[in-house]
Amino acid sequence: MKSKVFAFSALLFIALVSCKKDTVKQYDCTGISPTYNGEIKTILDTHCATSGCHDASSHQNGIDLSTYNNSKSESSNSSFLGSIQHQKRYTPMPKDASMLDDATIQKLYCWVHNGSPQN
């Protein structure tokens, strides 16, 4: 009986550990202060808020990244950066496309890290 309890406990532990999402990659934001109006809107409009994805009409999965307020709200969700960084157990974004280049991801990370400023 003890071996069955141990085996069950071990399987439960493995299951819980393997379901853990990756942590978001950290970037150094020294001297990097992107703003929504300065750089982020262009990035989101080009890669995210496109027709059929996260624009005002389609808002896939209830996500609309076509305005500052909506983008700021979504940026506070842990899945925002996890998805952009293609971390385990997050839906990789942009959908059906390559991961964004590291410099772009760093801008998005720093924007979120700095409180998602508009200007």
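Read on for an overview of the structure. Residue positions within a chain follow its written sequence, with the count starting from 1. The model is predicted, so local features are restricted to residues of pLDDT at least 70 and side-chain atom pairs to those at 80 or more, both for listing and for counting; the totals for chains, interfaces and linings are taken over all residues. The side-chain numbers reported here are obtained from all heavy atoms of the structure, hydrogens and water having been left aside.

Some words on the nonpolar core
Then, number 1: Within this scheme, the nonpolar core is defined by two criteria: the residues are buried Ala, Val, Leu, Ile, Met, Phe, Trp, Tyr or Cys, and they are joined through side-chain atoms within 4.5 Å. Burial classes: relative accessible area under 20% of the type maximum marks a residue as buried, over 50% as exposed, and values in between as partly exposed (1.4 Å probe, protein chains only). The biggest cluster of nonpolar side chains holds 20 residues, and the ones touching the most others in it are Ile40, Leu44, Phe80, Leu108 and Tyr109.
Then, number 2: Elements are defined by DSSP. Helices are runs of H or I of four residues or more, strands are runs of E of two residues or more, and each kind is numbered from the N terminus. Contributions of two or more residues to this core are made by α2 (36-47), α4 (78-84) and α5 (102-113).
Then, number 3: Take this core: its biggest share by element is five residues, from α5.

Points about the state of the cysteines
Then, number 1: By disulfide we mean two sulfur atoms from cysteines, separated by a distance within 2.5 Å. Applying the stated criterion to the full structure yields one disulfide.
Then, number 2: Each sulfur of the disulfide joining Cys29 and Cys110 lies 2.2 Å from the other. Between Cys29 and Cys110, the disulfide has an S-S torsion of -95 degrees and is therefore left-handed. Note that Cys29 is positioned in the loop between α1 (2-18) and α2 and Cys110 in helix α5, a separation of 81 residues in sequence. Residue Cys29 shares its accessibility class with Cys110, and that shared class is buried.

Side note on the side chain of His54
Then, number 1: As for its position among the elements, His54 is in the loop between α2 and α3 (68-75).
Then, number 2: Its relative accessible area of 9% is what places His54 among the buried residues.
Then, number 3: Nitrogen and oxygen atoms within 3.5 Å of one another constitute a polar contact, given that in protein one can donate a hydrogen and the other can accept it, and given that sequence-neighbouring residues count only through two side-chain atoms. For His54, the side chain forms a polar contact with the main-chain oxygen of Gln60, separated by 3.3 Å.
Then, number 4: At 3.2 Å, the side chain of His54 and the backbone oxygen of Ile63 are in polar contact.

Keep in mind these numbers describe shape, not what the thing actually does.
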